[in-house]
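# Coordinate analysis (summary)
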Amino acid sequence: MEELDGEPTVTLIPGVNSKKKQMCFDWGPGEMLVCETSFNKKEESETKPGCPFIYIIRKDIDVYSQILRKLFNESHGIFVGLQRIEEELTGKSRKAQLVRVSKNYRSVIRACMEEMHQVAIAAKDPAIGRQFSSQVSILSAMELIWNLCEILFIEVAPAGALLLHLLDWVRLHVCEVDSLLADVLGSENPSKHDSFWKLVTILVLQGRLDEARQMLSKEADASPSSAGMCRILGDLMRTMPVLSPGNTQTLTELELKWQHWHEECERHLQDSTFASSPHLESLCKIMLGDEAALLEQKELLNNWYHFLVTRLLYSHPTVKPIDLHLYAQSSLDLFLGGESSPEPLDNILLAAFEFDIHQVIKECSIALSNWWFVAHLTDLLDHCKLLQSHNLYFGSNMREFLLLEYASGLFAHHSLWQLGVDYFDYCPELGRVSLELHIERIPLSTEQKALKVLRICEQRQMTEQVRSICKILAMNAVRNNRLGSALSWSIRAKDAAFATLVSDRFLKDYCERGSFSDLDLIDNLGPAMMLSDRLTFLGKYREFHRFYGEKRLTDAASLLLSLMTSQIAPRSFWVILLIDALPLLEEKEVVFSAEQTYELMRCLEDFASRRPVWREPGVQRIQEDVENTKLEMLRLALARNLGRAIIKEGSLEGS
């Protein structure tokens, strides 16, 4: 088992004193409940009042940020699109598509970062403003790391082109120079501006030599004494060999040209061409890649990786990817000078320059507050076939592990859980099991939300979860006395026991009101009525009422008799069925045949013999007297009908 790189961070909970009180906690999928118990560590009998609250400690608080939710939503679409086009990616088009996907991810990060920056500026509360500014810094670092990984691992830029990509990388993330350039050029006399030489130096440090030449031309126009020196330095800037994207020259040709150019710069410096102008001389030393001159500009370079790229530009323009880590480590050491220790961001960038992908992911997992970055970056690198050999000790690969962690965090949010479903879908080993576990914990606060969850489960043939959700919805409907909805959900859940329970409620409701509710549902049960005997009885009993209403008396009589003889009717309902036979027995035309009448008599006597006898006066005794009266009327009606039926059948036989 892998060991921890350091001690885990301690989370302080206000109001809770873990030194004096014993703590109680319970883990959840995305959070933990913590509270004090009535026991203390010394096991003393007396208990003192402690903290009366239960605290919820969340693992991924970033999902509750309104702005970061846009990051999660936008990146979800990019992620799903990448999984779907995976089979279509081949050859050169594959690399171009993957680079495009990477740029899409970065554009989402930048858009989110810019919005966060605007919110930080507009914040009235300084504390909230600092909080948003901190988040901007984190997003900026994420985009910086992603961009470098794109250059090194996805673009896989070769020597020559590699430096061009790194220059763009630095320019994109050190953007203060553009506002400074606008400020200087907007003044009446740019060359006399306080920040003129600072601007020119930054432009040279970033390799923006065309813009630096333009600035030097303004200095030459304003100061005739330095015009010659500005022209010479400007020519050196113009003639510096650079491998442009459309250029066909080889690296060897570039190195030869660059060597001649470098010697010319050295000659001018040795000849003291710029001796009378310290600024121009300093610029010439920078263009020679002089480390001392570069380190003098630490404030303008801001960070060691800017120092690295500038150093490579003017000393090793054809650096190979395999040698990057040597220059990166030495640049970091030179820039820090032993005065401070590397920050987490420094370690991540250094690992990237060393082409240690797994260390990059590991360091980012430790440093960042959520799994969004590492999950999406790892997925993209996995599509680049860079992580195929790395399996984790507990059975899953790194990509799947990080996607599972990220999706679990999304499920802690009341609406983002829907995004998490797709991430689980694209985890072939443990995604299905994880989705089943998490989807069962979603609070079904509204029927609309429950229908969303149900649709997701049905699309994935998650039978047990479908049944569970339908049963929950059926139970909620019963509590709210919505029997039609309850019956519908119990049928959908294929839960015979619950369907029986709801059917009993329908029959009880009928006994109290004398009519059925939700007739459309009961009339259209179809094959679903076979789910349980009680549901079958409910559907058939309603069908009997429909036959009677349509004057299909013979059909109604046959159905009523079959309901009594099939034993599917609840015994408590037999008296109602028998009484329902009275109107049919009293019809002018004979409805029940003699044989059917005998069957009704047998049912009547069977029911009468099993009835409880109430010997004491009371409500039950009164009800019994009423039933006895009805049954006597039924016996008379049956006797009359039997006589009529025998006469009718006899006359038919005689004829």
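Residues numbered from 1 in each chain as written. Predicted model: local features only at pLDDT ≥ 70, side-chain atom pairs only at ≥ 80, totals over all residues. Heavy atoms only, no water.

Naming follows an unreviewed UniProt entry, where the protein chain appears as Nuclear pore complex protein Nup85 of Mustela putorius furo. Quoted verbatim from the Subcellular location (unreviewed entry) heading of the UniProt record, the comment on the protein chain is "Nucleus, Nuclear pore complex". According to its UniProt record, the protein chain has this under Function (unreviewed entry): "Functions as a component of the nuclear pore complex (NPC)." (UniProt positions renumbered as here; feature names shortened; annotations may be inferred.)

## A few points about the overall build of the protein chain
Within the protein chain one finds 30 helices and three strands. The buried share of the protein chain, taken over its 655 residues, is 46%. Excluding contacts between residues fewer than 6 apart, the proportion of contacts in the protein chain whose partners are at least 24 apart in sequence is 62%. Here the protein chain displays about 34700 Å² of accessible surface, and carbon together with sulfur accounts for 53% of that area. (Helix = DSSP H or I, 4+ residues; strand = E, 2+ residues; numbered from the N terminus. Buried < 20%, exposed > 50% of the residue type's maximum accessible area, 1.4 Å probe, protein only. Contact = heavy atoms within 4.5 Å. Areas by Shrake-Rupley, 256 points an atom, 1.4 Å probe, with all protein chains shown as cover.)

## A short note on the packing of aromatic side chains
Summed over the entire model, instances satisfying the criterion amount to 21 aromatic pairs. Judged by centre distance (6.4 Å) and plane angle (80 degrees), the rings of tyrosine 105 and tryptophan 372 are edge-to-face. Of the two residues, tyrosine 105 sits in helix α2 (residues 91–122) while tryptophan 372 sits in helix α17 (residues 372–383), which places them 267 residues apart along the sequence. Considering the side-chain rings of tyrosine 541 and phenylalanine 544, the 6.0 Å spacing of their centres and the 20 degrees angle between planes classify their relative orientation as stacked. (Phe/Tyr/Trp six-rings, centres within 6.5 Å; stacked < 30°, edge-to-face > 60°.)

## Remarks on unusual backbone geometry
Even without being a glycine, valine 156 presents a positive backbone phi close to 50 degrees. One can find valine 156 in the loop between α3 (126–155) and α4 (161–173). Even without a glycine there, the phi angle at glutamine 461 is positive, about 50 degrees. Note on placement: glutamine 461 falls in the loop between α21 (447–459) and α22 (463–479). Judged by relative accessible area, glutamine 461 falls into the exposed class, the value being 60%.

## With respect to the packing of α17 against helix α18 (residues 398–410)
With their axes 9 Å apart at the nearest point, α17 and α18 run at an angle of 150 degrees to one another. Relative to α18, the element α17 is oriented roughly antiparallel. Where α17 crosses over α18, the two elements pack in a sense that is left-handed. Across from Trp372, Val374, Ala375, His376, Thr378, Asp379 and Asp382 in α17, the residues of α18 making contact are Met398, Arg399, Leu402, Leu403 and Tyr406. (Axes fitted to C-alpha atoms, helices over the stretch in contact; angles between N-to-C directions. Parallel < 35°, antiparallel > 145°, perpendicular 65-115°, else oblique. Left-handed = near helix turned anticlockwise from the far one by under 90°.)

## Brief notes about the confidence of the model for the protein chain
Of the residues in the protein chain, 85% have a pLDDT of 70 or more, and the chain-wide mean is 83. Within the protein chain, helix α15 (residues 344–353) carries the highest mean pLDDT (94), whereas strand β3 (residues 55–58) carries the lowest (61). (pLDDT = per-residue confidence, 0-100.)

## Considerations on the pattern of salt bridges
Using the criterion set out here, one finds 26 salt bridges in the structure. Across the pair glutamate 143 and arginine 110 runs a salt bridge, and its minimum N-O distance is 2.9 Å. Taken together, the positions of glutamate 143 in helix α3 and arginine 110 in helix α2 put the pair 33 residues apart, joining distant regions of the chain. Between glutamate 599 and arginine 602 there is a salt bridge, with its nearest N and O atoms 3.1 Å apart. Residue glutamate 599 and its partner arginine 602 are both found in helix α29 (residues 594–609); the two are separated by three residues, about one turn of the helix. One network of salt bridges, with partners in common, ties together Lys103, Arg106, Arg110, Glu143 and Glu150. (Salt bridge = Lys/Arg side-chain N within 4 Å of Asp/Glu carboxyl O.)

## Quick notes on the packing of helix α28 (residues 574–585) against α29
Packing of α28 against α29 leaves a shortest axis separation of 11 Å and a crossing angle of 145 degrees. As for how α28 packs across α29, the hand of that crossing is left-handed. For the pair formed by α28 and α29, the contact residues are Trp574, Val575, Leu578 and Leu585 on the first element and Leu600, Cys603, Leu604, Asp606 and Phe607 on the second. By residue class, the composition of the contact of α28 with α29 is eight nonpolar, no polar and one charged. (Nonpolar A, V, L, I, M, F, W, Y, C, P; charged D, E, K, R; others polar.)

## Concerning helix α9 (residues 251–270)
Three or four residues apart is the spacing at which side chains of an α-helix point the same way, because the helix has 3.6 residues per turn. Between its first and last C-alpha atoms α9 spans 28 Å; for 20 residues at 1.5 Å apiece the expected length is 28 Å, and the two agree. Every buried residue of α9 is accounted for by Leu254, Trp258, Trp261, His262, Cys265 and His268. Seen from one end, α9 has its buried residues packed into an arc of 115 degrees, which puts them on one side. Counted as exposed and oriented over 90 degrees from the buried face of α9: Thr252, Leu256, His260 and Gln270. Next to the buried residues of α9 lie α8 (227–239), α10 (278–287) and α13 (304–315). (Expected span 1.5 Å × (residues − 1). Arc of directions from axis to C-beta.)

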